[in-house]
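Each chain, letter by letter, is given below.
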Amino acid sequence: MSIIISPSILSADFARLGDQLQQAEAAGADWVHIDVMDGAFVPNITMGPFIVETVRRSTSLPLDVHLMIEHPERHLEAFAKAGANWLTVHVEACPHLYATLQAIRALGCKAGVSLNPGTPAGSISAVVDVLDLVLVMSVNPGASGQRFIPSVVPKIRQVRSLLAEAASPAVIEIDGGITAQNLPEVYEAGCRAFVAASSVYKFPAGIAAGIQALRKAEPGR
Ligand code: DX5
Ligand code: ZN
């Protein structure tokens, strides 16, 4: 299986969002990553179900919705109705994590859980049976354009062993500061899905070239 590239629209030009999405899709993007921030779990405020619905009408790619919000359980249905395919909540924001992941699946979406850089891999050990995706943050959530934190790489390996022990087919996704330079070591650690905002939408040679550079960086290609 080749890698999944999930460009984050956080760095897209919102005045031309439809066009930018189409460029990414034509260049071979696999998913569209949508960063939802509430000004509480993280300082920034970004997008809600309304934008997810707008993106849903502009592309046929799966929508990978990353909820950096408090009380995500209150909003799951709205995001599912708006067209989300993958719904990822933060372990740090969910006292009832198992129930929240079950609720995501009950809405017909794939259930993901995200770990901040300071959150250990073991925090997901009790929910492995209701997980479709583990999103490892390699920056502090809140903004695009930050530098990759290399100390998350051993945690990816720990997540991989945890999933393997449970024979879980869940995908490991990485988010934050991903470039063609650091993609190989993250891949070797076990990641197969790669979020990228700056390396796609702010890539100097354009969106298509950004996606191609990431694609070419996959080891063994
Ligand atoms: C950060 C978001 C990321 C962000 C990545 O809080 O979750 O998805 O858009 O941006 P880059 O790829 O520029 O680090
Ligand atoms: Zn994200």
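Being a predicted model, the structure only gives us computed values, none of them experimental.

## Describing the layout of surface pockets
Quantified by volume, the largest pocket comes out at close to 230 Å³. Taken together, 24 residues form the lining of the largest pocket, with Ser144, Asp175, Gly176, Gly177 and Ala197 sitting closest to its centre. Elements with a contribution of two residues or more to the lining of the largest pocket: strand S2 (32–37), strand S3 (63–68), strand S8 (193–196) and helix H7 (198–201). Here the lining of the largest pocket is composed, by residue class, of 11 nonpolar, 11 polar and two charged.

## Comments concerning the nonpolar core
Counting 69 residues, the largest nonpolar core has Ile9, Ile34, Val65 and Ile174 as the members making the most contacts within it. When residues of this core are assigned to their parent elements, the largest contribution, five residues, is made by helix H5 (residues 153–165). Setting aside anything within four residues of it in sequence, one finds Ile34 in contact with Ile9, Met47, Val52, Val55, Leu63, Asp64, Val65 and His66. Core analysis: the second largest hydrophobic core is formed by 10 residues, Ile4, Trp86, Val139 and Val195 among them.

## A few points about the coordination of the zinc ion (ligand 2)
Protein-derived ligands of the zinc ion (ligand 2) are His33 (NE2), Asp35 (OD), His66 (ND1) and Asp175 (OD), with the metal-ligand distances lying across 2.0 to 2.3 Å. Of note is the zinc ion (ligand 2), whose six donor atoms meet at the metal with angles of 70 to 168 degrees in an arrangement that counts as octahedral. All donors of the zinc ion (ligand 2) belong to a single chain; written as a sequence motif, their spacing is H-x1-D-x30-H-x108-D. With a gap of 33 residues between them, His33 in strand S2 and His66 in strand S3 connect regions that are remote in the sequence. Like His33, the residue His66 is buried in the burial classification.

## Regarding the sheet that holds S2
Strand order across the open sheet formed by eight strands is S1-S8-S7-S6-S5-S4-S3-S2, with parallel pairing between neighbours. In the strand order of this sheet, the two ends are held by strand S1 (4–7) and S2, each with one partner. Each strand axis lies, on average, 25 degrees off the axis of its neighbour in the sheet, ignoring direction. Examined bridge by bridge, S2 and S3 share six bridges and lie parallel to one another. What sits directly across from His33, in S3, is Asp64.

## Concerning the site of ligand 1
Around ligand 1, a shell composed of 20 residues is seen, among which Asp35, Gly142, Asp175, Gly177 and Ser198 lie nearest. One of the backbone nitrogen or oxygen atoms of Gly142 is found 2.7 Å away from an oxygen atom of ligand 1. Between an oxygen atom of ligand 1 and a main-chain N or O atom of Gly177, the distance comes to 2.7 Å. With the chains in place, 99% of the 390 Å² that ligand 1 exposes on its own is no longer accessible. In a pocket analysis with a 2 Å cut-off to the grid points, ligand 1 is assigned to the largest pocket.

What counts and what doesn't
- Residues numbered from 1 in each chain as written.
- Chains lettered and ligands numbered in written order.
- Predicted model: local features only at pLDDT ≥ 70, side-chain atom pairs only at ≥ 80, totals over all residues.
- Heavy atoms only, no water.
- 1 Å grid on protein atoms, 1.4 Å probe; cavity = no way out; pocket = protein on both sides within 12 Å on 5 of 7 lines; lining within 4 Å.
- Points joined across faces, edges and corners; volume = space filled by probe spheres on them.
- Helix = DSSP H or I, 4+ residues; strand = E, 2+ residues; numbered from the N terminus.
- Nonpolar A, V, L, I, M, F, W, Y, C, P; charged D, E, K, R; others polar.
- Core = buried A, V, L, I, M, F, W, Y, C linked by side-chain atoms within 4.5 Å.
- Buried < 20%, exposed > 50% of the residue type's maximum accessible area, 1.4 Å probe, protein only.
- Contact = heavy atoms within 4.5 Å.
- Donors = N, O, S within 2.8 Å, 3.2 Å for Na, K, Ca; no water.
- Tetrahedral: all angles 85-135°; square planar, octahedral: opposite > 155°, others 65-115°.
- Pairing = 2+ DSSP bridges.
- Axes fitted to C-alpha atoms, helices over the stretch in contact; angles between N-to-C directions.
- Near = heavy atom within 4 Å.
- Polar contact = N/O pair within 3.5 Å; in protein donor to acceptor, adjacent residues only side chain to side chain.
- Areas by Shrake-Rupley, 256 points an atom, 1.4 Å probe, with all protein chains shown as cover.
- Sits in = over half its atoms within 2 Å of the grid points.

The values are spatial; any link to function lies outside them.
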